[in-house]
Amino acid sequence: MHGYDLLVVGSANADLVIGVDRRPAAGETVLGSDLAVHPGGKGGNQSVAAARLGARTALLARVGDDAHGRLLLDAQRAAGVDTAGVLVGGAPTGVALITVDPSGDNSIVVSPGANARLTPDDVRDAGALFAAARVVSLQLEIPPDTVAAAVRTSAEAGARVVLNPSPPAPLPDGVPALCDPLVVNEHEARFLLSDDPAAAGSSTPEAWAAALLARGPRSVVVTLGAEGALVATADGSSVRVPSPPVRAVDTTGAGDAFTGALGWRLGAGDDLETAVRFAVRVGAAAVTRPGAQASFPAAEELPEPWGEV
Ligand code: ADP
């Protein structure tokens, strides 16, 4: 029995945000705005995005036994995520210290904290979650060994693997071939292809997708911001899916909303192109409101389907 449409394995962070007139130089102190604390981390963002849309979603992650950890657990539960797989303790909750200047530019220091202590043993102990999931979605804010173990465990359990290699890092051996799809934005595509300057330097997402497919994934989705996304599969087909036109106010978390929605729709039985046609509507809705998790839409808030052929 599949109890979950989607299991997200990944990070959960508290984002600590302060507005500043300008960044401090070394040895300098500046005054900033009141502190704002937001739930974040790519794993936690994806699970909230999916659950808010109605997906039966579980999260496998690690937080600290502290106030930030409790805040993150509360945010997951409020969105409807099953948090039985969220482990507590071992290190402080991961945090991102973010300063935002008047032009909107961010400077960020991440302390991975408990995210760095999510281990392959934790994956092994969570076997029942993998067995209950149709789709498992991962990113790269947890240790690479843990990602590799989770991808292997997913494949053994017969779950479909969705991987967003973000922040960009080399993929562990054996991982690319099990991704269906690998979900990348332009920056991540160019990073993964950096050992192939001709492919990385190519200007078309079709060329990146073809070069990435040659590394083994069964399918590739390239997200293209306001342009939507490209879907490419190992049989050589590729199709562009346009995003609904919206007035973007803050693109933070758009990729996480897109990928969480995509994982859900694949778990619900959609084919990849249909799932991407849904996910672009979720990504578009997320950019119309400020913040990450706070901007993620419920199903009834989505823009109408767009660009159907
Ligand atoms: P990331 O946030 O990982 O850089 P993208 O910027 O490509 O990823 O955004 C992910 C998805 O969010 C896009 O595929 C698209 O569906 C949606 N999106 C992002 N920016 C916009 C925008 N300005 N207008 C409409 N949709 C957007």
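Structural notes, computed from the coordinates. From a predicted model like this one, the values you see are computed outputs, not experimental measurements.

Strand order across the open sheet formed by 9 strands is 5-4-1-8-9-10-11-12-13, with mixed pairing between neighbours. The open sheet has two free edges, formed respectively by strand 5 (86–88) and strand 13 (238–241), since each of these has just one partner strand. Going from strand to strand, the sheet's axes swing by 20° on average, the running direction of each strand aside. Pairing geometry for strand 1 (residues 4–9) and strand 8 (residues 133–138), over 5 bridges, is parallel. What sits directly across from L6, in strand 8, is V135. Helix-sheet contacts for helix 1 (residues 42–53) involve strand 1, strand 4 (57–63) and strand 8, and the interaxial angle to strand 4 is about 155°. Seen against the sheet, helix 2 (residues 67–79) touches strand 4 and strand 5 and runs at an angle of roughly 175° to strand 4.

What follows concerns the packing of aromatic side chains. If you walk through the whole model with that rule in mind, you get 1 aromatic pair. With 5.7 Å between their ring centres and 80° between their planes, W264 and F278 make a pair best called edge-to-face. Highlighted residues: W264 in helix 9 (residues 254–267) and F278 in helix 10 (residues 272–286), separated in sequence by 14 residues. Each member of the pair, W264 as well as F278, carries the same accessibility label: buried. For the cation-ring pair, R265 lies above W264, with the distance from its terminal atom to the ring centre recorded as 4.6 Å.

It is worth spelling out the pairing of strand 10 (residues 179–184) at this point. In terms of residue burial, strand 10 counts as a mostly covered element, since 6 of its 6 residues are buried. As paired strands, strand 9 (residues 160–163) and strand 10 are joined by 2 bridges and run parallel to one another. Bridge pairing links L163 to L182 in strand 10. Relative to strand 11 (residues 219–223), strand 10 is paired through 3 bridges, and the arrangement is parallel. For V183, the partnering residue across the bridge sits in strand 11 and is V221.

Take the side chain of R265 next. For R265, the position within the fold is in helix 9. For R265, a relative accessible area of 18% translates into the label buried. Once residues lying within four places of it in the same chain are set aside, the contact partners of R265 are D270, A275 and F278.

Bringing the pattern of salt bridges into the picture now. Considering all chains together, one arrives at 14 salt bridges under this definition. In this structure, R62 and D122 form a salt bridge, with 3.1 Å as the shortest nitrogen-oxygen distance. Of this pair, R62 sits in strand 4 while D122 sits in helix 3 (residues 120–125); the two residues are 60 residues apart in sequence, bridging distant segments of the chain. Of the two residues examined, R62 and D122, each falls in the buried class. Linking D65 and R70 is a salt bridge whose minimum nitrogen-to-oxygen distance equals 3.6 Å. A relative accessible area of 47% places R70 in the partly exposed class. Each of the salt bridges in this network shares a partner with another, and the network as a whole consists of D121, R124 and D125.

What follows covers the packing of helix 1 against helix 9. Running from N to C, helix 1 and helix 9 point in directions that differ by 55°, and their axes come no closer than 8 Å. Overall, the two elements helix 1 and helix 9 adopt an arrangement that is oblique. Relative to helix 9, the crossing made by helix 1 is right-handed. Contacts between helix 1 and helix 9 involve K42, N45, Q46, A49, A50 and L53 from the former and D256, A257, T259, G260, A261 and W264 from the latter. Of the residues contributing to the contact of helix 1 with helix 9, the split by class is 6 nonpolar, 4 polar and 2 charged.

Turning our attention to the site of the ligand. Taken together, 17 residues sit near the ligand, with N185, T223, G225, G228 and S243 positioned nearest. Note that an oxygen atom of the ligand is positioned 2.8 Å from one of the backbone N or O atoms of G225. Take G228: an N or O atom from its main chain is 2.9 Å from an oxygen atom of the ligand. Alone, the ligand offers 550 Å² of accessible surface; in the complex the protein occludes 82% of this.

Parameters at a glance
Sequence order sets the numbering: in each chain, residues are counted from 1 along the sequence as written. It should be noted that, the model being predicted, local features are given only for residues of pLDDT at least 70 and side-chain atom pairs only at 80 or more, the latter also being counted only at that level, while totals for whole chains, interfaces and linings use all residues. Hydrogen atoms and water are omitted, and side-chain values are computed over all heavy atoms in the structure. Following DSSP output, two strands are said to pair if at least two bridges run between them. Each helix is a run of DSSP H or I of at least 4 residues and each strand a run of E of at least 2, with the numbering of both proceeding from the N terminus. In this description, a line fitted to the C-alpha atoms serves as the axis of each element, helices being fitted only across the stretch in contact, and the angle between N-to-C directions of two axes falls anywhere from 0 to 180 degrees. Between two residues, a contact is recorded if the distance between any of their heavy atoms is within 4.5 Å. Only rings of Phe, Tyr and Trp enter the pairing, Trp through its six-membered ring, and a pair is recorded when the two centres are within 6.5 Å. The plane angle decides the type: under 30 degrees is stacked, over 60 is edge-to-face, the rest tilted. Three labels apply to residues, based on accessible area from a 1.4 Å probe with only protein chains included: buried if under 20% of the type maximum, exposed if over 50%, partly exposed otherwise in between. Only when the NZ of Lys or the CZ of Arg is both within 6 Å of the ring centre and within 35 degrees of the ring normal is a charge said to sit over the ring. Put simply, a salt bridge is a Lys or Arg side-chain nitrogen that is within 4 Å of an Asp or Glu carboxyl oxygen. An angle below 35 degrees is read as roughly parallel, one above 145 as roughly antiparallel, one from 65 to 115 as roughly perpendicular, and any other as oblique. In this scheme, a crossing is called left-handed if the near helix is turned counterclockwise away from the far one by less than a right angle; it is called right-handed if the turn is clockwise. Three residue categories are used. Nonpolar comprises Ala, Val, Leu, Ile, Met, Phe, Trp, Tyr, Cys and Pro, charged comprises Asp, Glu, Lys and Arg, and polar comprises the others, including Gly. Note on terminology: near, applied to a residue and a molecule or strand, indicates that one of the residue's heavy atoms is within 4 Å of it. Each polar contact in these results corresponds to two N or O atoms within 3.5 Å; when the atoms are within protein, one needs to be able to donate a hydrogen and the other to accept it, and residues that are neighboring in sequence are counted only if both atoms are side-chain atoms. Note on areas: Shrake-Rupley with a 1.4 Å probe; residue coverage comes only from the protein chains shown.

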